Amino acid sequence: MPRPVNGGARRPAGGTADDLRRNNLATLLTLVHRGGGLSRAELTRRTGLNRSTVGVCLAELVGLGLVVEGRPAASPGKGRPSAVITPSSSTVAVTVNPEVDAITVGLVSLGGQVIERWRIETAADLTAKKVVARSAAAINGLLTGRTLDVVGIGVAVPGQVRLSDGHVRDATHLRWQEEPLAAELGSATGLPVKAANAALLGMFGEVAFGAGRGVDDLVYLIGGASGIGGGVVSGGEVITGVSGYAGELGHTFVRTGGLACHCGATGCLEAEVTQQALLDAVALPAHQAERLDEALAAAGEDPEVLALVRHDLDLLGIAVRNAVNVFNPAMVVLGGFLASLYRNRPAGTDLGQDAIRADREALTVTTAELGPDQLLIGTAELAFADLLADPAADRAALRPAT
Ligand SMILES: [Zn+2]
């Protein structure tokens, strides 16, 4: 079961009886969180724990307010009906995603349910300080009048973010450099804040609840208005690199003598393959980018559109080949406009076909499943990570500063 990074707060496995108990709580809460509603019998089967241990742990999780035990459903089969355990809908994470033209603030409950999503239009070139102030005000408004247990805030930033402290190194599209974003939003709200690269968090969503569920070796690429990002899960662990900047598959080199990229190099995938070029080809305005799939399908055999789609898939294919040869994933998941490209691929075109034969054998290429909620759900996973890793850890009663 792949698990998102939790900022290095993972506890060592095994050891004392208390360690064992905490590990069992973490395993059960994560299963309930990701599984939605699971019966006691199913939890017993999936964990391999005995029934009484599962019972004791579930009682503790109910006591902590993290799961709810429903009445047993009438069972048509033999045997006693088993109660269904669901994640608490009042345990929530706040999500924040600053983009060039808007800040999206959301509330997501355990179980990955999006409760609320506010889009706050902003002027371009908003400074990090202004984003903190606008976000803090929105969060305050979002939580007012609700009785919720807020575990913290996750922030998805289109750029490179140091995972250890949520410090933004570079967010080129926002024109930010060296911004202590998580620390400042923490001071402004009184809530714990974590921040990470937005593409990485989109991947968290797909891994926890979407196409990558249960897949321990996965490469993820997502394309949007501001470029192409990605991430890699290997052996069930998210590859972060030494500071959290790993997985920048959009800056994979795909063409000699290629276009200049804003990263300073040339021939990067995200410089060569852009959403804007596709929108232009099918005459769609930027705010209708979600209609790209149908517009590409409607363009059918239009030679110009077809040539661009082939060009983009050829270059995307180079990036996918490289990633597949390096990481030997079971699955490549494509999101955003890369999914539109893939769904509209001409017959006979596929991705990963140039990877070495042994790597290709077990490879599935597919598209992201979560749609527009993907980033909110994945960003909430970052905020939930510590709770899922150690549900019984002391947590101060978290309420936003008023
Ligand atoms: Zn680049």
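Residues numbered from 1 in each chain as written. Predicted model: local features only at pLDDT ≥ 70, side-chain atom pairs only at ≥ 80, totals over all residues. Heavy atoms only, no water.

(A) Looking closely at the overall build of the chain. Each helix and strand in the chain was counted, giving 13 helices and 16 strands. Its C-alpha atoms give the chain principal-axis dimensions of roughly 65 × 50 × 40 Å. Counting over 402 residues, the chain shows a buried share of 51%. Intrachain contacts of the chain at a sequence separation of at least 6 include 64% that bridge at least 24 residues. One way to put it: in the chain the 34 positive side-chain charges average out to a point 8 Å from where the 42 negative ones average out. (Helix = DSSP H or I, 4+ residues; strand = E, 2+ residues; numbered from the N terminus. Buried < 20%, exposed > 50% of the residue type's maximum accessible area, 1.4 Å probe, protein only. Contact = heavy atoms within 4.5 Å. Lys, Arg positive; Asp, Glu negative; His and termini not counted. Charge placed at Lys NZ, Arg CZ, Asp CG, Glu CD.)

(B) Layout of the pairing of strand 9 (residues 167-171). Strand direction decides the pairing type here: strand 8 (residues 160-162) and strand 9, joined by three bridges, are antiparallel. Note that in strand 9 the partner of Arg 162 across the bridge is His 167. In this structure, the hairpin formed by strand 9 and strand 10 (residues 176-179) is closed by a connection of four residues, where Arg 175 is found at a positive phi of approximately 60°. (Pairing = 2+ DSSP bridges.)

(C) Fine view of the pattern of salt bridges. Considering all chains together, one arrives at 21 salt bridges under this definition. For the salt bridge of Asp 165 with Arg 162, the shortest nitrogen-to-oxygen distance reads 2.8 Å. Residue Asp 165 is classed as partly exposed on the basis of its relative accessible area, which comes to 37%. Overall, Arg 162 belongs to the partly exposed group, its relative accessible area being 25%. (Salt bridge = Lys/Arg side-chain N within 4 Å of Asp/Glu carboxyl O.)

(D) Looking closely at empty space enclosed by the protein. In this structure the tally under the stated criterion is three cavities of 30 Å³ or more. Looking at the largest cavity, it is lined by 14 residues, and the ones nearest its centre are Glu 99, Val 100, Asp 125, Leu 126 and Leu 174. In terms of residue class, the lining of the largest cavity is built from 10 nonpolar, two polar and two charged. Empty space within the second largest cavity amounts to approximately 60 Å³. (1 Å grid on protein atoms, 1.4 Å probe; cavity = no way out; pocket = protein on both sides within 12 Å on 5 of 7 lines; lining within 4 Å. Points joined across faces, edges and corners; volume = space filled by probe spheres on them. Nonpolar A, V, L, I, M, F, W, Y, C, P; charged D, E, K, R; others polar.)

(E) Local environment of the sheet that holds strand 8. Overall, antiparallel pairing links the three strands, which are arranged 8-9-10 in an open sheet. Strands at the two margins of the open sheet, each flanked by one partner only, are strand 8 and strand 10. Strand-to-strand twist across the sheet, computed as the mean angle between neighbouring axes with direction ignored, equals 15°. (Axes fitted to C-alpha atoms, helices over the stretch in contact; angles between N-to-C directions.)

(F) Region of the structure containing the environment of Leu 382. Relative to the helices and strands, Leu 382 is located in helix 13 (residues 374-389). For Leu 382 and Gly 205, which are 177 residues apart along the polypeptide, the C-alpha to C-alpha distance reads 9.6 Å.

(G) Looking closely at the coordination of the zinc ion. Those protein atoms acting as donors to the zinc ion are His 251 (ND1), Cys 261 (SG), Cys 263 (SG) and Cys 268 (SG), and they sit at 2.0 to 2.3 Å. Considering all four donor atoms around the zinc ion, angles at the metal cover 105 to 117° and the coordination shape is tetrahedral. Mapped onto the sequence, the donors of the zinc ion take the spacing H-x9-C-x1-C-x4-C. With His 251 in the loop between strand 14 (237-238) and helix 7 (269-272) and Cys 261 in the loop between strand 14 and helix 7, this residue pair connects regions lying 10 residues apart in the sequence. Judged by relative accessible area, Cys 261 falls into the buried class, the value being 8%. (Donors = N, O, S within 2.8 Å, 3.2 Å for Na, K, Ca; no water. Tetrahedral: all angles 85-135°; square planar, octahedral: opposite > 155°, others 65-115°.)

(H) Quick peek at the environment of Asp 293. Along the chain, the position of Asp 293 falls in helix 9 (residues 292-299). The exposure class of Asp 293 is partly exposed, given its relative accessible area of 22%. On a C-alpha basis, the gap between Asp 293 and Phe 337 in space is 8.0 Å, while along the polypeptide they are 44 residues apart. Once residues lying within four places of it in the same chain are set aside, the contact partners of Asp 293 are Ser 340, Arg 343 and Asn 344.

(I) Layout of the sheet that holds strand 12 (residues 218-224). Read from one edge of the open sheet, five strands run 14-13-12-15-16, paired in mixed fashion. Of all the strands in the sheet, just strand 14 and strand 16 (364-367) have a single pairing partner and so form its edges. Sheet topology places strand 15 (residues 331-336) next to strand 16; four bridges connect them, and they run parallel. Note that in strand 16 the partner of Val 332 across the bridge is Val 365. Helix 6 (residues 198-209) rests against strand 12, strand 13 (227-234), strand 14 and strand 15 of the sheet, and its axis sits at about 50° to strand 13.

(J) Expanded view of the domain arrangement of the chain. Assigned domains of the chain: these are domain 1 (17-87), domain 2 (91-201 + 375-389) and domain 3 (216-369). Put simply, the middle of domain 1 and the middle of domain 2, counted by C-alpha atoms, are 31 Å apart. Note that Arg 34 and Glu 381 form a salt bridge whose closest N and O atoms lie 3.8 Å from each other. Taken together, the connections running from domain 1 to domain 2 amount to three residue pairs in polar contact (both at pLDDT 80 or more). (Domains from an automatic or database assignment. Polar contact = N/O pair within 3.5 Å; in protein donor to acceptor, adjacent residues only side chain to side chain.)

(K) Seen up close, the pairing of strand 11 (residues 193-197). Judged by how many residues are buried, strand 11 sits mostly within the fold: five of five residues are covered. Alignment of strand 7 (residues 149-157) against strand 11, held across five bridges, turns out to be parallel. Among the inter-strand pairings, Val 155 is bridged to a residue of strand 11, identified as Ala 195.

(L) Structural context of the side chain of Thr 252. Tracing the backbone through its elements, the reader meets Thr 252 in the loop between strand 14 and helix 7. A relative accessible area of 14% means that Thr 252 is categorised as buried.

(M) A look at the side chain of His 167. As for its position among the elements, His 167 is in strand 9. Side-chain polar atoms of His 167 contact the side chain of Glu 178, separated by 2.8 Å.

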